[in-house]
Every structure is written in C-alpha cells, then in structure tokens.
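# Summary of the model geometry
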Amino acid sequence: MTFRQFAYRNVTRNKRKYAAYFVVSAFSVMIFFVCALFIYHPDISKSLIYSTAAHTMMVAEAIIYVFCSLFVLVSVGSFLQSRKMEFGILLMHGMTKRQLNTMVFLENMMIGTSAILTGTLLGLLLGKLFLMIGSTFLGIPLLTFHLPWQALVLTICSFVLLFFLISLCTFVFIGNESLMRLFQGERKAEEEPKVSFVLSIISAVLLISGYYMAATAKAASVEKVMFPVVAITVIGTYLFYTQLSICLVKLLKDIRRLYWHRTNIITLSGLSYRWKENGRMFFMVTIVSAVSFTSVGVFASIHTLSRELKLDYPAAVGYVAKGNQTGVPFDQHLNEIKEELKTHGLPYEALSIPIKYAEVEAQTGPDRTLRLPLIAFSDYNLALQRAGFPTDERALVGNEGLVMIGSQRDRSLTEGRVKAVYSLQQGLAIKEIGYTEQVPIAEYLLPELDGRDGGDFSGVVISDELYSAIDPVQTDLYTGFYVEDFPQTVGIAADLAHKGKQSYESDSPYAIVISGTLFELQKTLYNTMLFASLLVGTVFFIAAGSFLYFRLYTDLDHDRNQYSTLSKMGLTDKELNRIVTIQLSLLFFVPVGIAILHSVFAFIALQRLFYLSIATETGAVLLGYLAAQGLYFFFIRSRYLRNLKKNLI
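Residues numbered from 1 in each chain as written. Predicted model: local features only at pLDDT ≥ 70, side-chain atom pairs only at ≥ 80, totals over all residues. Heavy atoms only, no water.

### Looking at the overall build of the protein chain
Broken down by element type, the protein chain carries 21 helices and 10 strands. Counting the 649 residues in the protein chain, one finds 51% classified as buried. Surface accessibility of the protein chain: about 29700 Å² in total, with carbon and sulfur atoms responsible for 63%. (Helix = DSSP H or I, 4+ residues; strand = E, 2+ residues; numbered from the N terminus. Buried < 20%, exposed > 50% of the residue type's maximum accessible area, 1.4 Å probe, protein only. Areas by Shrake-Rupley, 256 points an atom, 1.4 Å probe, with all protein chains shown as cover.)

The following block contains the structure:
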C-alpha cells in the first residue's frame, strides 16, 4: 500500500465524520459557480438595469467565499482535534512528523478536490434551473444556459487556492505535541469544567444590555448603535456558551428533586462537559444562524419598500427647472418628455408648481438652513389631488408651516427632529408645526434641509397669504406628469436622467425623477438581494447543521459505550430514547432559539427604519427556518438512535 493509498483509505474510513464537511464544501462550490454563471451571463452583463443584479451577486459570492474559508478552517481544526489518539498511535509506530503532516495535507486536498469537482458538476447540471429561478425572481425573460469560461476558471482557481492554503494550515494545528499529550487528548476533556461566576454575570449583563439598546434605539440612532450592539451581543453569546450555560447546568444539578428525578441524573450529569466541549461550536451556530435569519428577513421585508414607492414618487415623471439658470431649453425638455409619454401610449395629467427660495437670517434649533424651499398650501393640495392622495389636512394660517417629507422613511425620523422657527427678511417668520401627511414632491427634486438627523426633508409648506408676501431669492418650477400605471414609464427621458434620476444637488441646471425606471432598478436590486440572501442563508443553514452533525458523530463511540453500560444496568429502550431526545433537542434548538432571539431584537431596531410593518415577512422567515430545523432534528435523531443502538445489548 502506497502512502497516497493510505491517506485515501483514512478518508474513506472516516467518511461518516467527513460527510457533512464534504456536503457543505461541495454545496458552497456549487452556489459559487452558479452565481458566477449569472454574473457573466451576456444578457445580464450588457444590460444597465440587470448589471445591478450582477454586482449584488458578486457581493454574495464574496460572502460565500469568506464564510467557506472560515468554515473549512474551523472544521479542519475540529477534525484534527478529534484524531489526536490516532496521530499518537501512528507516531508511536514510527511515522515521522513530516510524514504525518504530508498525510493530513493529502487527506484535505483529496476532500477539497472532490468537493470542487462535485460542486462544479452539480452547478453544470443545475445551472439552467438556477438561471430559470433567478429570472423568475427578477421578473425578467428566461435566461438561456450559457457557460462562460470566466465562471469555470474563477470557481476552480478560487477553491483550489482556498483548500491549498487551509491544508497548509494543518501543519500549525498538528503542532509538536508529545505522544503523552496526544494520548491524553480524549481523557483530558472528561475533567469537570471550571466556570467563572463573574464571567457568567458579565454574559447576562452584556446580552440584556444589547437587547435593551436594540429595543430602545430610535430611527436616527439605529446606524450609530448597530455596531456596538452587535459587538456586545457577540461577546455576550460567547460567554453564555462557555460560562453562563455551564453555571446554569450546575445550578440545576444542585436542585436535588430535579436532578434525582427519573433519568435526569443521566441527562444532566454529562451536560456540563458537553456544553464546555461544544461551546465554541454552539457559538458559531448561533451567530451564523442569526446572520442568516436577519439577512433573509430584511431582504424579504424590502418588498415593503417597493409597496411604498408609489407613496414616495407621486408623479410618474417629476421635473424641476432651476430658476437661477439661463439659456437652458427647459421647454424643450418638457416637450421631449411629453412626446415620449405619447409614444408609449401613456395618458398623463401635468401640473406645474412654483417653488420659492427664501433666505434665512436666523433659525432656532440645532440645524442651520441658508435657503428655504417653500410651496403654497393650495399648490400642495393640488399635487396631492393629482397623485390621488387624500387632501383632508387642515389649512395653514399665519406663520404656520409643515415640513415636507421626501419619502415614507422620513416618518421614522420626525420623532427625534427638533421643530424650528425661521426668521426671514422683511420681518417675516415661519414656524414649523408638523409634517406633511404625504409626499408632494419626490426626493432628489429639491435640496435637502441641512440637519443632523439626515433624511430627505426638503422644504416647507406655508399658507397662501404668507407665500404671496415672501420676496424670493430664487424661484424654481416643478412640473409633474401623473400616469395611472407609473411602472410603464421605465426608460422615459433616458438622455436626461441617468439611471432614472438627476438629483438637485448635481451641477445640472435641472432635476428629474423617472418613477418607472427607479422602480425597475429598485425591484431588480431588492429581488436580487432577496435571492442572494436566500442562497447565502441556505449555505449558512447547511453549515450550521454540519457542525451539529460532526459533533454528534465525533462523540458517537463514547456515547455508545456509555449507553451500553447503562443498558446492562437496566436502562430501558424508552428511557434511552427520552435521554437522547432531550440531549439532541438542547443541541439543536438552544443555539437556534438564541439566534431567533437575537434576530427578533435586530428586527425591532430595523422596524424603526420602515414606515410599513415588516412583522409578517420576518415572522414567516423565522417560522420557516424553525420548521426546517425541526425536520433536520427528526432526521438526525432517527439516524443517531439507529447508530447508537448498534451492538447495544
């Protein structure tokens, strides 16, 4: 038997342990490859709108590659840790350290090469189906199967490099431990784990603090607290599994009525060791699952923003001619828009509104605005009527003003914004008393009010009397074209609007928004994000299951000996099933349950950024993952019990 055959047989003998690792690696290669097929497809790369989807899939590929690198690194380290006894025996029989390193290197490269070949072949077989599903998600014509050489080269080279580097890292994992340490590796782990009461308290404090910060974060501060909350929660989760959970198990063991009840003594006696031994694995499963739940839930909820688009862009085409520009053929631009609408067979209603800019001499509050965009209340009502919005707001009188929201997202920022009083020339003043109930003029068409809270607040609606009394420093003209089915305006005025808009802050003498083009871009982007997050989430879910599978079958021989002894002492089959079911339930559902708890508080914070509720979409995602985990649990439980009871007398 040659040395390579010896390495090959080592892999085949341990195929049960390596099965989940191989499946996740091959699945990651397959997803990476089919994403590359999508990115380099000629119908995608040459389209302006669809190229946005290609960029999103590139991000998904990068995430999958980085995660796969970490997964392979951790998995290889765990495999080597579980084989210390085997390595000790080989070294005792004359194998050199160099030969041991070479053997492990060959084993990992064999598994990696097999995963690359299997994943690529599956990608070739399922590539057409993937492109069909992707086309359906994006709402585009079905993509024909095309095999670009870039996708094949990128996939093979990327994963060959990954497995080669990880295989080299095995030299570090093996180290230079003595034979005594290698033989004691298994028995050493049986020691009663030590736990720090102080670290357990810190874990509870960190988790509660993270949840509290997420639940109480305001819309304007969500982005600021996001990274501190994530860091606090990650550290708290790690300490929970390595300290607090063991402390809780010890407290349960101190309750003698519980500990001595039926088979609880068997269930709880080894639980401390299991939690200590599997703490890092549980931590990784929790974090990976939480990221998966949150990403898929958020992108599934992004369809909520698509429903808001009609509210955010009341006019199918909005055009603003800047009053400080001369010699610009604004009328020609408007005529071009009208001709294109007629060419597309889209009946429209047009509305023109003057927008005055008043110079601000003084202002209360923390914000500072130099020139204030103003429209009359009667013009505001006309814009709402043209858009089909209700117009039941109370008429403004005196110096009252309503801040114009630029999108529905601004509603979440109104609570933390300080209402201002503006002092203008000629002794006039404007006092903000609230916010408009609807968006009269879409964002990008007016300059944003300067403010610390951000957002798209873009001017003030004032009474007709006050509007007439103001002598402006500049007057713009807004023209809106209102179409019943605004998505049909995609591609209108493409020479005037790059990707559907030309913002007011640009150097252009005009600003323009094409709702149909923006809607198509947004829909393509959001659907691609959802599609990519589902792919990445599936990889995460399978990887989390792989960790659990590996941990179970690593301890299978130890558990089989233990239950064989208990069976001889009188343990019934029913009691064995109950003990295993409880232990597996903790193994499967505690990490997922904590991940769901993390995700729920993340969704609570993210909800403040959305005007419409995302509870339905996020709830469906969490229930779907919980159901999938339940099915996986029953599948693994049946297989594990069957393997556990082999040769059991």
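Past the structure itself, the notes keep going.
### Side note on empty space enclosed by the protein
Counted by the stated rule, this structure contains 7 cavities of 30 Å³ or more. By volume, the largest cavity amounts to about 140 Å³. Lining the largest cavity are 14 residues; nearest its centre among them are Arg274, Leu552, Gln583, Leu584 and Leu587. Counting residues per element, the ones that place at least two in the lining of the largest cavity are helix H13 (271-301), helix H19 (556-568) and helix H20 (573-607). Within the lining of the largest cavity, the residues separate by chemical class into 10 nonpolar, 2 polar and 2 charged. Size it by volume and the second largest cavity reaches roughly 80 Å³. Looking at the second largest cavity, the residues that line it are Val285, Ser289, Phe293, Phe540, Phe541, Ala544, Gly545, Val592, Tyr625 and Gln629. Those elements that place two or more of their residues in the lining of the second largest cavity are H13, helix H18 (515-554) and helix H21 (615-644). (1 Å grid on protein atoms, 1.4 Å probe; cavity = no way out; pocket = protein on both sides within 12 Å on 5 of 7 lines; lining within 4 Å. Points joined across faces, edges and corners; volume = space filled by probe spheres on them. Nonpolar A, V, L, I, M, F, W, Y, C, P; charged D, E, K, R; others polar.)

### As for the side chain of threonine 517
Mapped onto the elements of the fold, threonine 517 is located in helix H18. With relative accessibility at 9%, the residue threonine 517 sits in the buried group.

### Description of the pairing of strand E5 (residues 421-424)
Here E5 shows a clear split, with Tyr422 and Leu424 buried on one side and none of Val421 and Ser423 buried on the other. Across 3 bridges, the pairing between strand E2 (residues 349-363) and E5 is antiparallel. Looking across to E5, one finds that glutamine 363 is bridged to tyrosine 422. Across 3 bridges, the pairing between E5 and strand E6 (residues 429-435) is antiparallel. What sits directly across from serine 423, in E6, is alanine 429. Here E5 folds back onto E6 in antiparallel fashion, the turn holding 4 residues, of which glutamine 426 has a positive phi close to 65°. (Pairing = 2+ DSSP bridges.)

### Details of the packing of helix H10 (residues 222-254) against H20
At a minimum axis distance of 12 Å, the contact between H10 and H20 shows a crossing angle of 165°. Compared by their axis directions, H10 and H20 come out roughly antiparallel. As H10 runs across H20, the sense of the crossing is right-handed. Contact residues: H10 offers Val222, Thr233, Thr237, Phe240 and Tyr241, while H20 offers Val590, Pro591, Ile594, His598 and Ala605. Of the residues that constitute the contact of H10 with H20, the class distribution is 7 nonpolar, 3 polar and no charged. (Axes fitted to C-alpha atoms, helices over the stretch in contact; angles between N-to-C directions. Parallel < 35°, antiparallel > 145°, perpendicular 65-115°, else oblique. Left-handed = near helix turned anticlockwise from the far one by under 90°. Contact = heavy atoms within 4.5 Å.)

### Topic: the confidence of the model for the protein chain
Chain-level statistics for the protein chain give a pLDDT mean of 80 and a share of 90% at 70 or above. Overall, residues 451-455 carries pLDDT values under 50, and its contacts beyond four positions in sequence, including any with other chains, amount to 11 contacts. (pLDDT = per-residue confidence, 0-100.)

### Considerations on the packing of aromatic side chains
Across all of its chains, the model carries 19 aromatic pairs by this definition. The interplanar angle of 50° and the centroid separation of 6.1 Å between the aromatic rings of phenylalanine 32 and tyrosine 65 together place this pair among those described as tilted. Taken as a pair, phenylalanine 32 in helix H2 (residues 15-39) and tyrosine 65 in helix H4 (residues 50-82) lie far apart in primary sequence, 33 residues in all. A centroid spacing of 5.3 Å and a plane angle of 85° characterise the contact between tyrosine 238 and phenylalanine 283, whose relative ring orientation is edge-to-face. Of this pair, tyrosine 238 sits in helix H10 while phenylalanine 283 is found in helix H13, placing the two residues 45 residues apart along the sequence. Taken together, the aromatic side chains of Phe588, Phe589, Tyr632, Phe633 and Phe634 make up a single cluster linked through ring pairs. One cation-aromatic arrangement involves lysine 356 over tyrosine 467; the distance from NZ or CZ to the ring centre is 4.5 Å. (Phe/Tyr/Trp six-rings, centres within 6.5 Å; stacked < 30°, edge-to-face > 60°. Lys NZ or Arg CZ within 6 Å of the ring centre and 35° of its normal.)

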